[in-house]
Amino acid sequence: MQRFSIAVIPGDGVGQEVVPAALRVLEAIGPRYDASFDLKAFDWGADYYFHHGRMMPADALEQLRPMDAILLGAVGDPQIPDHITLNGLLLPIRRAFDQFANVRPAILYDGVPSPLARPGAIDMVVVRENTEGEYAQVGGFVYHHQPEEVAIQTAVFTRRGIDRVVRFAFELARKRNKQRRVTSITKSNAQGFGMVLWDRAFQAVASEYPDIETESLLVDAAAMNFIRRPESFDVVVASNLFGDILSDVSAILTGSIGLAPSANLDPTRRFPSMFEPVHGSAPGIAGRGIVNPLASILSAGMMLEHLGLEEAGRSVERAVAGVLAEGKFKTPDLGGTSHTNEVTSAVIDRIAG
Ligand code: GGG
């Protein structure tokens, strides 16, 4: 029996509903693959902030460091500015554990309506640089809170940071063995330093992969082409901000952000990687039992793959695809009336069957 220690951070809003759904699936699948999960729950997030003035304790990273993986729900609360919730929990974890590749697959499953109505045609992965770029939090205020206030926000691009995420994207294109194409996204016509460095690094790494086709797009053209020809994308590699934005586009093209999983990977495996749905805390529907649990369940499937339980991960994805294709249990974001628990049970039934 393989045992894995999993840090569980449900966080805020619908995170409190989708993480228990993913845990139900893990509980069902573990025995089938001779694996068990030692879960350690952490009550960090907005409620913790209201009591302690911070999103997680000072030694949070030390508590997480020995774990095999982290399963996260969502962060964000209407009563707290979003930059506090994000910079107080999500971003420090990504940076401290060098989770430099944020992998966000977008697959159009059978049975899911897409605004572009091209069933089966979309199967792409956005690889988002996850530790630097526009999210580096370098800058400051001058004349803070005065009428002449000035804010400076600097993006940080390092050759090491670009090289490693671009190389990860090429390796992923080889491993997927689908279209064998990597598309790089920048705005290097306007951002003449960091993104020019990105273009140069991309070309240099690409020369090591003559078997993989390449494409470079400015982010505005990429936004257009995600809509116009989504089927042409295989692996897309982009900076922290552009990857975040484009993966919301790819999520909605494949039916719903409620179906979009993600993995924050430290591919070197020095530190625990973190798995979370792309969606946020969705306070508008939190507590009603109608949030789509599938993004969180698919994220748990990605965690299983990362832990070396590849077949278990694939069986989670097959079960989700089966539930979607059948179309009997769908949450409201997909046009249905099912509850979170019903969709989760349908996935578990398929795993068991
Ligand atoms: N599922 C995690 C979550 O709450 N994401 C919301 C969010 O604002 N994410 C920003 C980011 O991924 O950078």
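Structure first, text after, so check above.
Residues numbered from 1 in each chain as written. Predicted model: local features only at pLDDT ≥ 70, side-chain atom pairs only at ≥ 80, totals over all residues. Heavy atoms only, no water.

Okay, the side chain of Ser299 next. Its place among the elements puts Ser299 in helix H9 (residues 294–306). Excluding its chain neighbours within four sequence positions, the residues that come into contact with Ser299 are Pro261, Ser262, Phe275, Glu276 and Pro277. (Helix = DSSP H or I, 4+ residues; strand = E, 2+ residues; numbered from the N terminus. Contact = heavy atoms within 4.5 Å.)

Let us now look at the layout of surface pockets. Of the voids in this model, the largest pocket is the one considered here, and its volume is about 1,000 Å³. What lines the largest pocket is a set of 33 residues, among which Val103, Leu172, Lys175, Met302 and Glu305 lie closest to the centre. Put simply, the parts of the chain that give the lining of the largest pocket at least two residues each are strand S4 (101–107), strand S5 (123–129), helix H5 (159–176), strand S11 (261–265), H9 and helix H10 (310–326). Taken together, the residues of the lining of the largest pocket sort by class into 18 nonpolar, five polar and 10 charged. When residues of the lining of the largest pocket are assigned to domains, at least three fall in each of domain 1 (1–100 + 263–353) and domain 2 (123–253). Quantified by volume, the second largest pocket comes out at close to 380 Å³. For the second largest pocket, the lining is made up of 21 residues, of which Val75, Leu86, Leu90, Val278 and Gly280 are closest to its centre. Taken together, the elements giving at least two residues each to the lining of the second largest pocket come down to helix H4 (82–96), helix H8 (240–253) and strand S12 (273–277). Tallying contributions element by element places H4 first for the lining of the second largest pocket, with five residues. (1 Å grid on protein atoms, 1.4 Å probe; cavity = no way out; pocket = protein on both sides within 12 Å on 5 of 7 lines; lining within 4 Å. Points joined across faces, edges and corners; volume = space filled by probe spheres on them. Nonpolar A, V, L, I, M, F, W, Y, C, P; charged D, E, K, R; others polar. Domains from an automatic or database assignment.)

Counting buried positions along strand S1 (residues 2–11) gives eight out of 10 residues, so the element sits mostly inside the fold. Summarising the sheet, S1 and strand S2 (residues 35–41) pair through seven bridges and their orientation is parallel. Opposite Phe4, over in S2, you have Phe37 as the bridge partner. Once the chain exits S1 it traverses helix H1 (residues 15–29) before rejoining the sheet at S2, and the crossover so formed is right-handed. Relative to strand S3 (residues 69–74), S1 runs parallel, the two sharing five bridges. Bridge pairing in S3 places Ala7 opposite Ile70. (Buried < 20%, exposed > 50% of the residue type's maximum accessible area, 1.4 Å probe, protein only. Pairing = 2+ DSSP bridges. Right-handed = clockwise from strand over helix to strand, strands pointing away.)

The next point concerns the site of the ligand. Taken together, 15 residues lie near the ligand, and Arg94, Arg128, Glu276, Pro277 and His279 sit nearest. Interatomic distance of 2.8 Å between a side-chain N/O atom of Arg128 and an oxygen atom of the ligand. His279 is positioned such that a nitrogen or oxygen atom in its backbone is 2.7 Å from a nitrogen atom of the ligand. Relative to its unbound accessible surface of 360 Å², the ligand loses 86% to contact with the protein. (Near = heavy atom within 4 Å. Polar contact = N/O pair within 3.5 Å; in protein donor to acceptor, adjacent residues only side chain to side chain. Areas by Shrake-Rupley, 256 points an atom, 1.4 Å probe, with all protein chains shown as cover.)

This paragraph deals with the pattern of salt bridges. The tally for this structure, following the rule as stated, stands at 21 salt bridges. Here Arg159 makes a salt bridge to Asp163, at a shortest N to O gap of 3.1 Å. Of this pair, Arg159 and Asp163 both sit in helix H5, four residues apart, roughly one helical turn. Of the charged contacts, one joins Glu215 and Arg229 as a salt bridge, the two residues approaching to 2.9 Å between their closest N and O atoms. Separated by 14 residues along the polypeptide, Glu215 in strand S9 (residues 213–218) and Arg229 in the loop between helix H7 (219–228) and strand S10 (235–238) bring together distant segments of the chain. Residue classification places Arg229 among the partly exposed residues on the basis of a relative accessible area of 23%. Connected via shared salt-bridge partners are Asp98, Arg160, Arg164 and Arg270. (Salt bridge = Lys/Arg side-chain N within 4 Å of Asp/Glu carboxyl O.)

Closest axis-to-axis distance for the H5/helix H6 (residues 194–206) pair is 9 Å, and the angle between their directions is 45 degrees. By the angle between their axes, H5 is oblique relative to H6. The two elements H5 and H6 meet at a crossing, and its hand is right-handed. Residues Arg159, Ile162, Asp163, Val165, Val166, Arg167 and Phe170 of H5 form the contact with H6, whose participating residues are Gly194, Leu197, Trp198, Arg200, Ala201, Phe202, Ala204, Val205 and Ala206. Residues of the contact of H5 with H6, tallied by class, amount to 11 nonpolar, one polar and four charged. (Axes fitted to C-alpha atoms, helices over the stretch in contact; angles between N-to-C directions. Parallel < 35°, antiparallel > 145°, perpendicular 65-115°, else oblique. Left-handed = near helix turned anticlockwise from the far one by under 90°.)

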